[in-house]
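Examination of the molecular architecture
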Amino acid sequence: MKYLLKYSVVAVALVLVTWSCSTAPTDESLKASLKADVTFLAADDLGGRAIGTDGERKAAEYLASEFKEIGLQPKGTEGYFQPFTVSKPTNPHEEAVIGTDGEGVTGRNVIGYIDNKSENTIVIGAHFDHLGMGGNGSLHRGDSAIHNGADDNASGTAALVALARIFKHEKHTCNFLFIAFSGEENGLWGSNYFVKHPTIDLNNVNYMINMDMVGRLNGEKTLAINGVGTSPSFVTSLELANTDTLKLVTSESGVGPSDHTSFYLQDLPVLHFFTGQHEDYHKPSDDSELINYDGLLLVVKYIDRLVDQLDAEPKLAFTKTKDSTGDSPRFTVSLGVVPDYLYDGKGMRIDGVSEDKPAQAAGLLKGDVVIQMGDSTIVDMMSYMRALSAFQKGDEVLLGYERGGEKKEVKVTL
């Protein structure tokens, strides 16, 4: 009865969306489509949407049907689909080979197009795959279980479809290419394959927008935007588009653990939208009931306004950014916390505490702000990482933190 009710809700929402597809979507219809898409993609029936599984294929077919209903042109190599095969190496020190015809795992990107007869195209992307039953990448302890990935990344995929609905009814000076990527969780496989086998000329791409985990907008309305340094046009436009008074937390780098990186490495401007990490990340508990659909709609509408704002610009210039990946500290120990990547105050705010790890043993809690580790003052995420990298397993460190405005200290054995 639970599943019947769930799919009845989805069916009603899809009917509402279908009725409104001939006219510009309203906030109400957009919210209905967002909820319907997340609920379908994050249902147990899809088994976590791991690349190469029946669940991933069902998700791809669902998205292709959505693109067709909206009126997008097919822009894959097989209709809306762009299949790719990944051959897994027998040597763990070798990288997977993407695009081979041999044995391996086959996934499908889903690609649709709006042709506005322009020389320039905006790429809108999101990955629709997830972790299946867990395995590598899962933070779940216990028996294998379905990882539905409602926020990661059914939320971004639903936003992708919603933007397609909006842009189909708006006049713009650019074309739009909508890509739902597969294989992101395994190493950006789908986006990597696309930029090496593009179905349009990459020289005509103006910029790329990536939405990965945009379904948990918090009470402060904090939206992280990465890649703002990849074009000089971004910073001013991001502020002008912010009429909903979102709290924007930005970073310049075009490199990160999501699909925009594949495009940045092709010398294209990129923006990555993200509403923050949470305790359900890469766990079976990342379910559709926990999505903030009002917040997800705010993110979609913000991106719509941003594209409008950038429409007045000529083709965007690309700027390389200083990427910290090559200089990232190497760790031999872990504190056992999930950092709050949206925190822009002084220190490193804890967004989650892992079980049976040093932080839990020391009594640290979600919301605590780490400001000192041994002799190192913690002012931001990078200073925390550098401080942590100096310690070895078994070291005891005096850790300073703030809780509710009060400064405290505790000894932590790493």
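Structure: above.
Let me begin by describing the structure that accompanies this report. Because the structure is predicted, anything quoted here is derived from the model rather than measured.

Things to note about the overall build of the protein chain
Helix and strand counts for the protein chain stand at 10 helices and 16 strands. The principal-axis extent of the C-alpha atoms belonging to the protein chain is close to 60 × 50 × 45 Å. In the protein chain, the proportion of contacts linking residues at least 24 apart, taken out of those at least 6 apart, comes to 75%.

Here's the deal with the packing of aromatic side chains
Considering all chains together, one arrives at 11 aromatic pairs under this definition. Ring geometry for Phe84 against Tyr193: centres 5.6 Å apart, planes inclined by 25 degrees, an arrangement best described as stacked. Here Tyr193 lies in helix α5 (residues 189–196) and Phe84 lies in strand β2 (residues 81–87), a separation of 109 residues in the sequence. Taken individually, Phe84 and Tyr193 each receive the classification buried, so the pair is uniform in this respect. Stacked on the ring of Tyr113, the Lys or Arg Lys75 has its end atom at 4.7 Å from the ring centre. A cation sits over an aromatic face here: Arg108 above Phe81, 3.9 Å from the ring centre.

Notes on the pattern of salt bridges
When the charged atoms of two side chains with opposite charge come close together, those side chains can pair. Considering all chains together, one arrives at 15 salt bridges under this definition. Notably, a salt bridge pairs Asp356 with Arg141, separated by 3.6 Å at the nearest N-O pair. Pair noted here: Asp356 is in the loop between β12 (348–353) and α9 (358–361) and Arg141 is in the loop between β5 (121–127) and α4 (150–167), with a separation of 215 residues, a long-range link. In this structure, Asp356 and Arg141 share a single accessibility class: exposed. Between Lys320 and Asp267 there is a salt bridge whose closest N-O contact spans 3.2 Å. In this pair, Lys320 sits in the loop between α8 (293–311) and β11 (337–339) while Asp267 sits in the loop between α7 (260–264) and β10 (270–274), placing the two residues 53 residues apart along the sequence. Connected via shared salt-bridge partners are Glu66, Glu69 and Arg165.

Here we look at the packing of helix α2 (residues 27–41) against helix α3 (residues 54–70)
α3 packs onto α2 with a crossing angle of 160 degrees between their chain directions and a minimal axis gap of 10 Å. The angle between α2 and α3 falls in the class roughly antiparallel. Two packed elements cross with a definite hand, and for α2 against α3 that hand is right-handed. In this structure, α2 uses Ala36, Asp37, Phe40 and Leu41 to contact α3, whose residues at the interface are Lys58, Ala59, Tyr62 and Glu66.

Things to note about the pairing of β2
Most of β2 sits out of view: six of its seven residues are buried. Pairing of β2 with strand β4 (residues 105–114), which is carried by six bridges, proceeds in the antiparallel orientation. Bridged to Val86 within β4 is Val105. Of the strand pairs in this sheet, β2 and strand β3 (residues 97–98) are connected by two bridges, and their pairing is antiparallel. If you follow Val86 over to β3, its bridge partner there is Ile98.

Observations concerning the side chain of Asp37
For Asp37, the position within the fold is in helix α2. Arg165 provides the closest opposite charge to the buried, salt-bridge-free Asp37, at an N-O distance of 5.1 Å. If we skip the residues at most four places from it in the chain, Asp37 touches Tyr62, Glu66, Ala158 and Val161.

Basis of the calculations
Residues numbered from 1 in each chain as written. Predicted model: local features only at pLDDT ≥ 70, side-chain atom pairs only at ≥ 80, totals over all residues. Heavy atoms only, no water. Helix = DSSP H or I, 4+ residues; strand = E, 2+ residues; numbered from the N terminus. Contact = heavy atoms within 4.5 Å. Phe/Tyr/Trp six-rings, centres within 6.5 Å; stacked < 30°, edge-to-face > 60°. Buried < 20%, exposed > 50% of the residue type's maximum accessible area, 1.4 Å probe, protein only. Lys NZ or Arg CZ within 6 Å of the ring centre and 35° of its normal. Salt bridge = Lys/Arg side-chain N within 4 Å of Asp/Glu carboxyl O. Axes fitted to C-alpha atoms, helices over the stretch in contact; angles between N-to-C directions. Parallel < 35°, antiparallel > 145°, perpendicular 65-115°, else oblique. Left-handed = near helix turned anticlockwise from the far one by under 90°. Pairing = 2+ DSSP bridges. Lys, Arg positive; Asp, Glu negative; His and termini not counted.

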